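Notes for the structure review
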Amino acid sequence: MNEFIEQRVSLTWQQPKKSYDVVIIGGGGHGLAAAYYLATRHGITNVAVLERSYIGGGNSGRNTTIIRSNYGIPEAVRFYQRSVDLYATLEAETDRWVMHKEKGMIGLAHSEANMRVEKARAAVNTAFGAKTDWIGPDEVKKMCPELDMTGGGHYPVVGAAYHHSGATARHDRVVWAFAEGAMKRGAHVHQRIEVTGLQIAGNRVTGVQTTQGDIAAGAVLCAVGGHVTSVAAMAGLRLPIRTHQLQAFVTNHYERTFAPILSSGPLLFYVSQTARGEMLMGAEIDRQPSYSYRSDYKFLQGCAFRAVTLLPFLRNLQVLRQWTGVCDMSPDYSPIMGQTGVEGFYITTGWGTWGFKAIPASGEQLAAAISTGKTPDLIAPFSLDRFALDRTMADRGSAGTH
Amino acid sequence: MPKLDRFPLTRIVSTPALLDGIQTSTTAIVMRTAPDELFWLGSPAAPVINDPHAIIEHDTSFVGTWLSTQAATAWVSANCEWQLPTTRPVFAQGEVAGLPVKLWIEPRRMLVLVQQPFAADLGERLQ
Amino acid sequence: MTESSQPLKLIIDGQPVPFVKGDSVLVAMLRNQHHPTGGGCLCLGGDCPHCLATIDGVAYVRTCQVPARPGCVVACTHHAHAVPALPQTHHVEPTTNARHQHADVVVIGQGKSGLAAAELARTAGQTVVTLDAAQGQDVIGIYPGAQVVARTTQGMLIVHVRQEIIVATGAAELHPVALGNSLAGLMTARAAQQLQAAGLSLGRIVVINDANRLVRFEGESNVTAVVVRDDQGLEQHVGCDTAVIDLGTTPRNMLHRMAAGLPGVRVSVVGDAATNSDVPNCPAHGLVCHCSQVGVADLQSVWDRGFHELELVKRASLAGTGTCQGGVCLPYVRSFLANKGGTLQPAFTARPLARPITMGEVAAGGHHHVTLRTPLDGVHRAAHAHMERAGGWWRPWNYGDWQAEYWAVREAVSIMDVSTLGKMLISGPDALTLLDRLYPTKVSTIKTGMSRYVLLLDEKGYVLDDGLISKISDTRYTLTFTSGGATTAELWVRDWAESWGLNVRILNQTMSLGAINVTGPLAKELLARAGLEKPPEFLSHVEAHVAGIPCRIFRLSFTGELSYELHHAAVNAPVLWRTLLDLGKSLNIRPHGLEALLKLRLEKGHIIVGQDTDFDSTPRRIHHEWAVKLDKPDFVGKHAVLRTNKVSLDKILCGLSMEGPPPIEGANLTVDGNYAGYVTSATWSPILGKTVMLAWLKLSNDLAPDRVMIDGRPAQRTETPFYDKEGARAKA
Ligand SMILES: Cc1cc2nc3c(=O)[nH]c(=O)nc-3n(C[C@H](O)[C@H](O)[C@H](O)COP(=O)(O)OP(=O)(O)OC[C@H]3O[C@@H](n4cnc5c(N)ncnc54)[C@H](O)[C@@H]3O)c2cc1C
């Protein structure tokens, strides 16, 4: 018997109705969390989540599961810290094991320039409640004895920013916990229904067209990950989003405990250990925009090469699987949440390579926005119109990975 | 590590049509690096080109080495994703061993060139 | 003793054990009564996870696929949570090498159908590469390109396929699902054949060829009996030492599924791999997925709780996520779900790797990103400079004493290697048009022989880069860019030139030219000693010889002192550098590195694009409106600037100063306890005796506060430059 087999979650499927108060497009973490918080925080349960494939089949089931709040601007630190906090209580709240584990995250510096960036990040993080300390090489080595401190002779470790609340959780289980929680309270989740168009009367959305007929809706939330530009186009919106591939891979079991999350900016590489003991790794997005889900060998080769430079023990672990997601990248590396200018049509996007950690907070805040019609303060800075208003949320601390 | 030598050359930037018309030489190595640029290496000196706007610059930043066909084949096949052209002599360029290289391939040998900033890495990666 | 009579031995769990030439590690183990994982139906075909062991430090290796070698060390204990010794920390070379090959056709699998397919392709005149696991070529993945990647006995092989990928991987034998199916002594029919051929005795054999009759296997750790149902439906115990499983096959089509739909190549599947055989019946008991220890009851459990999609069942039960990636369990999981739901769902996504290999093997052929070296790199290193990566280059951070370097600039003369600057030559009838459209300055007002500091904007009106435009003639200009921005800038300039269809010639000279900045009050004196009689005036440039070396000399200043930038052929850089140092000895010359420069320029309030600017820095926000001429015709970013200028200003980059030591760069600013921005650059200014900074400051009610707090200390907004406001020293 394998202790990691899902034991408790129970999903109940219903027949689709012709009309809902709220239709959520996309059964990823963001869509399902919004349904969950609509039900649990606002009592709104006449809700359907429409998923064209299976729940969690998009990026929410493909990511490297890193949860952190050490972003580069106060607005982002506050927002992600909210999500970190919600994650920390998610198991208690849902009574489901999502394998959440606080591990701490080490952001390595290999040069003076790196050090400057990491120290700056630690300053803004700590000021806004995301405790991050600058630590010296000795302490780094203590936390991660596997590290080759010379970086293979090329990338010596000169120190690191240590982000205390860095954590991981099992992605699928997060998706299921939210799905189950929403279903239990009456929300519908429908798989294998694809939204093919939006019904708009005047400037107001009134429903969706799907592969299984039209469904009327009082409000529609678009939470479709990397496919957002085509769904937003159904509402006549052009988004400042480009879709890029992001890849990851996992090895089989490492016998030791690899405690922290480890990340190196200059080496474009980060790693953590899953609950099952596998080593899970990723790098940065592919520069070329693409909707393709195909992984490539060059990525694997390059990332593995850089990984063994820092962590020689990885050399003897076997790569089990590699995969790819398509990420909705915003120009300022910050998310876009809230109203769109088309009445009743809400959006949550710009999650790029960093949206897993945001699932609870995004769900919570959008549920509030939809139920009250008002944009909560926490996400107000991330509205779509910020681009037109020259109020972008440029976030170097986000910088395009995990 | 093979010793890398300097290969001073002349770079000519002009219109594609004018570059097409340049008389190549049997002794100099002429590499058409782009539609609007060519490298001229060796003697005789590059011919004059009838373009008042042409950029003709002596460039001392290229370094490289001649490899035997055998060594070249081994190195390229270990480090190059793309297929080399088969005619000889021939010019090719692209990424090899993660470096932007220019190759001049003759029947029995191959010249590998990189710009100076890559030289140390080329030396290491040629091993 | 002669070599041939020396018994071949490998080490199993610490014991030397003999083997026979031609044995795989698994056969050698079985020969000596070792069973690698303790049980499960062996296939000897590389499909199942039942022969895994640790070989030479690599865990979870399929021992049936590894030829036994004398001295190879096998441990069967990887599942016993033995903690290996901490790995050493020294540079690790990849464990193997990688090769690339090109072919019209790749045939994977060299059984009957694979051989025939390869032969056919060859006769058609195509170049063919064949790969077969039995010949030591394990295909691990098929990738876009199209690339077929295999681990071979000679290292990694990456085959680039032009026309067709033919999958002829045959069929794998079905494993039994029943109680007791993880006992030792179970093997497939093919495995039994191979073992017998290798001379192993299998003892009493029972052949199972009807799954419907199989009830269970019995035994402690080894199978001792098989229970089957007879024609009357009664259970019969049949004693045995080996249970041979002959339940038919399932197509080995993972690679076909992986490759299907790849653009640019044909993908086909032939032979047994192409058969569309029905899935076997899934019994009610037994282990389905051995890698993750998932039983039929577990499948039932997740099914009952709403996990119905194959992909969801996989994720909830973990079936198919281990070493064999579904090789053994997939047919049964599909059949289980078909029984429950009434439809047979397609197999789950076939992702690489088809067979696990080590990261050391995968890393073969990888390289680090190159950090560029200037023509003076060797010179700096010989001088024991502390080198740092910055903007993609190795640069001297200091030469041991940044303070001395700093004062050499302020009080005497110093040189710095600035070869990293982006440098570009533009020529042609449309050169001026191009630059006038690209840059927000009026390029047409730059006179021949003069230079101008310029910003480069993107379409959003944000600062992309900065640099210098110098006019050589009406149709010829040189441009410089920041060290880190040069590559982007080249693409940017070429892209626009082409989009606009302009008649220009462009040459990127970043790496072709060395550049040395001579700076300090005695710079002119030094250059005079180097033979330069008529140095250029401020913001002009000349061509002249310095120390006998032809240079283009630009007069500008980043340090705030009298400065001359000497651009010269890369090859001459070391000689020029050394000569200048020699000639400057009595002037107390010393070279300076980045560390000193960062302070020098900050005293002058000069920004560094990328450090002091952000993705959204408009000229207005950074107080560079003077660099943008909105009264000239269109230029890149003009519309955006016009639009954003109408919006109220929310933050500015400004100068700050304070007593005491500098805060860290990135420190927060507060006003009345509220966040008000952050420091982008900060230094203790030796010459001013205080800390000077650049910082992003938020406006409130369109006003920028005069005083802010940083780490509990007050700082004062201060006009830049902090030092030499009139610029008298630079213009001297
Ligand atoms: C390799 C990788 C690693 C990552 N690592 C991390 C990490 O470590 N930490 C982190 O915080 N983030 C990480 N991310 C990012 C994170 O996974 C995503 O930002 C997040 O999962 C986005 O969730 P989502 O719900 O918005 O989108 P998704 O999970 O992609 O869900 C969107 C859903 O919409 C469905 N859909 C699309 N179009 C339609 C339609 N027309 N009709 C109906 N349904 C539709 C899709 O099928 C999909 O299921 C990573 C991403 C990848 C790819």
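What you see is a predicted model; the values in this text were computed from it and never measured. (Residues numbered from 1 in each chain as written. Chains lettered and ligands numbered in written order. Predicted model: local features only at pLDDT ≥ 70, side-chain atom pairs only at ≥ 80, totals over all residues. Heavy atoms only, no water.)

1. Regarding the overall build of chain B
To keep it simple, the criterion reads: Where helices and strands are cited, they refer to DSSP runs of H or I of at least four residues and of E of at least two residues respectively, numbered from the N terminus. Note that the radius of gyration is over C-alpha atoms, with the globule rule given as 2.2 Å times the number of residues to the power 0.38. Think of it in three bands: with a 1.4 Å probe and only protein chains considered, a residue is buried below 20% of the maximum accessible area for its type, exposed above 50%, and partly exposed in between. Here, two residues are considered to be in contact whenever any of their heavy atoms come within 4.5 Å of each other. Residue burial considers only the protein chains on display, and all accessible areas are found by Shrake-Rupley using a 1.4 Å probe. Charge assignment in this entry is limited to Lys and Arg as positive and Asp and Glu as negative, and neither His nor the chain termini are counted. Throughout, a charge is located at the NZ atom of Lys, the CZ atom of Arg, the CG atom of Asp or the CD atom of Glu.
A count of helices and strands for chain B gives three helices and nine strands. Counting from the amino terminus, helix and strand elements in chain B follow one another as β-β-α-β-β-β-β-α-β-β-β-α. Relative to the globule expectation of 14 Å for 127 residues, the C-alpha radius of gyration of chain B, 15 Å, shows essentially globular dimensions. A principal-axis box enclosing the C-alpha atoms of chain B has dimensions of 45 × 30 × 25 Å. The buried share of chain B, taken over its 127 residues, is 52%. In chain B, the proportion of contacts linking residues at least 24 apart, taken out of those at least 6 apart, comes to 58%. With an accessible surface of roughly 5900 Å², chain B has 55% of that area assigned to carbon and sulfur atoms. If you average the places of the 9 positive and of the 12 negative side-chain charges in chain B, the two averages end up 8 Å apart.

2. Digging into the site of the ligand
Residue and element names in this part refer to chain A. Note the cut-off: Consider each residue's heavy atoms; a residue with any of them within 4 Å of a molecule or strand counts as near. Distance and chemistry together define a polar contact, namely a pair of N or O atoms within 3.5 Å, with one atom able to donate a hydrogen and the other to accept it when in protein, and with adjacent residues in sequence counting only for side-chain atoms on both sides. Residues are grouped as follows: nonpolar covers Ala, Val, Leu, Ile, Met, Phe, Trp, Tyr, Cys and Pro; charged covers Asp, Glu, Lys and Arg; every other residue, Gly included, is treated as polar. What counts as a domain boundary in this text is fixed by an automatic or database domain assignment.
Every one of the 39 residues lining the ligand counts as a neighbour, but Glu-51, Asn-59, Ser-60, Thr-64 and Lys-357 are closest to it. At 3.2 Å, a backbone N or O of Arg-52 approaches a nitrogen atom of the ligand. For the ligand, whose accessible area on its own is 1000 Å², the fraction buried by protein is 98%. If you tally residues by element for the shell around the ligand, the top one is strand β13 (residues 242–253), at three residues. By residue class, the composition of the shell around the ligand is 15 nonpolar, 19 polar and five charged. Taken domain by domain, the shell around the ligand gets at least three of its residues from each of domain 1 (19–63 + 171–241 + 331–401) and domain 2 (101–164 + 243–329).

3. What about the sheet that holds strand β2 (residues 9–13) of chain B?
Residues and elements named next belong to chain B. Where we set the bar: By this definition, two strands are paired if DSSP reports at least two bridges between them. Axis definition: a line fitted to C-alpha atoms, limited for helices to the stretch in contact. Angles are taken between N-to-C directions and run from 0 to 180 degrees.
Here we have four strands laid out as an open sheet, ordered β3-β4-β2-β5, and antiparallel in their pairing. The open sheet has two edge strands with one neighbour each: β3 (29–34) and β5 (55–59). For this sheet, the mean angle separating the axes of adjacent strands, direction not counted, is 20°. With five bridges joining them, β2 and β5 adopt antiparallel strand pairing. Note on β5: the bridge partner recorded for Leu-9 is Asp-59.

4. Section: the sheet that holds strand β30 (residues 505–508) of chain C
Residue and element names in this part refer to chain C. Taken in spatial order, the five strands make up an open sheet running β27-β28-β29-β26-β30, and their pairing is antiparallel. Since the sheet does not close on itself, it has two edges, and those belong to β27 (451–457) and β30, each with one partner. Within this sheet the neighbouring strands show an average axis-to-axis angle of 25°, counted without direction. Where β27 meets strand β28 (residues 463–473), seven bridges bridge the pair, whose relative direction is antiparallel.

5. Here's the deal with the interface of chain A and chain C
The following threshold applies: A 1.4 Å probe defines the accessible area here, and the buried area is the portion of it lost by two parts on being joined, summed over both. We define a salt bridge as a contact between a side-chain nitrogen of Lys or Arg and a carboxyl oxygen of Asp or Glu at a distance within 4 Å.
Every contact between the two is made by 84 residues of chain A and, on the other side, 99 residues of chain C. When chain A packs against chain C, close to 7800 Å² is buried across both sides, 55% of that on carbon and sulfur atoms. At the junction of chain A and chain C, the tally comes to seven salt bridges. Across the salt bridge formed by C:Arg315 and A:Asp172, the nearest N and O atoms sit 3.8 Å from each other. Taken together, the connections running from chain A to chain C amount to 35 residue pairs in polar contact (both at pLDDT 80 or more). Looking at the side of chain A that touches chain C, the elements that each hand over two or more residues are α2 (74–94), α3 (112–127), α5 (171–184), β13, β16 (278–282), α7 (297–310) and β17 (318–329) of chain A. A per-class count over the side of chain A that touches chain C returns 42 nonpolar, 17 polar and 25 charged. Of the strand pairs in this sheet, β17(A) and strand β22 (residues 357–358) of chain C are connected by two bridges, and their pairing is antiparallel. Note that in β22(C) the partner of A:Gln318 across the bridge is C:Thr358.

6. Here we look at the pattern of salt bridges
The final tally for this structure, using the stated rule, is 61 salt bridges over all chains. Ionic pairing is found between A:Asp172 and A:Arg170, a salt bridge with its closest N-O pair at 2.9 Å. Its relative accessible area of 26% is what places A:Arg170 among the partly exposed residues. One salt bridge connects C:Arg151 with C:Glu361, and the closest N-O pair in it is separated by 3.1 Å.

7. Quick notes on unusual backbone geometry
The omega torsion of the bond from B:Ser43 to B:Pro44 falls at 0°, within 30 degrees of zero and hence cis. Mapped onto the elements of the fold, B:Pro44 is located in the loop between β4 (37–41) and β5. Residue B:Pro89 follows B:Arg88 across a cis peptide bond; omega there is -15°. At A:Leu268, a residue that is not glycine, the phi angle is positive and equals roughly 50°. Take A:Leu268: it is sitting in the loop between β14 (261–264) and β15 (269–273). Residue class for A:Leu268 comes out partly exposed when judged on its relative accessible area of 32%. The backbone phi angle of C:Asp56 is positive, close to 45°, even though this residue is not glycine. Here C:Asp56 is to be found in the loop between β3 (52–55) and β4 (58–62). The exposure class of C:Asp56 is partly exposed, given its relative accessible area of 39%.

8. Focus on the domain arrangement of chain B
Where the parts come together, the accessible area they lose is often given as the size of the interface. Residues and elements named next belong to chain B. For chain B, the domain assignment lists domain 1 (5–59) and domain 2 (62–125). Averaged C-alpha coordinates put domain 1 and domain 2 at centres separated by 20 Å. Each side of the interface is counted separately: domain 1 has 13 residues, and domain 2 has 13 residues. Together, the buried faces of domain 1 and domain 2 total about 1100 Å²; carbon and sulfur atoms form 63% of this surface.

9. Some words on the side chain of B:Asn79
Secondary-structure assignment places B:Asn79 in helix α2 (residues 69–79). Judged by relative accessible area, which is 18%, B:Asn79 ranks as buried. Excluding residues that lie within four positions of it along the chain, B:Asn79 makes contacts with B:Glu95, B:Val96, B:Ala97, B:Arg125, C:His100 and C:His367.

10. Here's the deal with the pairing of β14(A)
All names here are of chain A. Burial along β14 is two-sided: the face carrying Ile-261 and Ser-263 and the face carrying Leu-262 and Ser-264 are both buried. In terms of strand pairing, strand β5 (residues 105–109) meets β14 through four bridges, oriented parallel. Bridge assignment links Leu-108 to a residue of β14, and that residue is Ser-264. As defined by bridge partners, β14 adjoins β15 across three bridges and the pair is classed as antiparallel. Its bridge partner lying in β15, Ser-264 is registered against Phe-269.

11. Some words on the nonpolar core
What counts is decided by this rule: Side-chain atoms within 4.5 Å link the members of a nonpolar core, which is a set of buried Ala, Val, Leu, Ile, Met, Phe, Trp, Tyr and Cys residues.
Ranked by internal contacts, the top residues of the largest apolar core, which has 103 residues, are C:Phe217 and C:Val226. When residues of this core are sorted by domain, at least three fall in each of domain 1 (19–63 + 171–241 + 331–401) and domain 2 (101–164 + 243–329) of chain A. Among the nonpolar cores identified, the runner-up in size contains 47 residues, and A:Val157, A:Ala160, A:Leu311 and C:Ile357 belong to it.

12. Let's talk about the packing of aromatic side chains
Here is the rule we go by: Stacked, edge-to-face and tilted are the three classes for Phe, Tyr and Trp ring pairs, Trp counted by its six-membered ring, which pair at centre distances within 6.5 Å; planes under 30 degrees apart are stacked, over 60 edge-to-face, the rest tilted.
Tallied over the full model, the rule gives 22 aromatic pairs over all chains. Seen in terms of ring centroids, A:Trp176 and C:Phe307 are 4.9 Å apart; in terms of plane orientation they differ by 75°. Their pairing is edge-to-face. Taken together, the residues span two chains, with A:Trp176 in helix α5 and C:Phe307 in the loop between α5 (296–304) and α6 (310–317). Take C:Phe307: its relative accessible area is 0%, and that puts it in the buried class.

13. Side note on the confidence of the model for chain C
Residue and element names in this part refer to chain C. Let me state the cut-off plainly: Values of pLDDT, ranging from 0 to 100, describe the predictor's confidence in every residue of the model.
Averaged over all residues, the pLDDT of chain C is 94; the fraction at 70 or higher stands at 97%. Here residues 87–92 scores under 50 on pLDDT; set against residues more than four positions off or in separate chains, the count is 16 contacts. Across the predicted assembly, pTM comes out at 0.95 and ipTM at 0.97.

14. Notes on the packing of helix α1 (residues 29–42) of chain A against α5(A)
Residues and elements named next belong to chain A. Quick reminder of the rule: For a crossing to be left-handed, the near helix must be turned anticlockwise from the far one by less than a right angle; the clockwise case is right-handed.
One can describe the packing of α1 onto α5 by two numbers: an axis separation of 8 Å at closest approach and a directional angle of 35°. Judged by the sense of rotation from one axis to the other, the crossing of α1 with α5 is left-handed. Note on element contacts: α5 touches α1 through Val-175, Phe-178, Ala-179, Gly-181 and Ala-182, opposite Gly-29, Leu-32, Ala-33, Ala-35, Tyr-36 and Tyr-37.

15. Quick look at the environment of A:Ile241
With respect to the helices and strands, A:Ile241 occurs in the loop between α6 (228–233) and β13. A sequence separation of 13 residues divides A:Ile241 from A:Val228, and the C-alpha atoms of the two residues are 8.1 Å apart.

16. A closer look at the packing of α1(A) against α2(A)
All names here are of chain A. Definition in use: Oblique is the label for any angle not under 35 degrees, not over 145, and not in the 65 to 115 range, which are roughly parallel, roughly antiparallel and roughly perpendicular in turn.
One way to put it is that α1 packs onto α2 with a least axis distance of 15 Å and a crossing angle of 70°. Overall, the two elements α1 and α2 adopt an arrangement that is roughly perpendicular. Crossing of α1 against α2: the hand is left-handed. Between α1, through Tyr-36, Tyr-37 and Arg-41, and α2, the contact on the second element is made entirely by Leu-86, Glu-93 and Thr-94.

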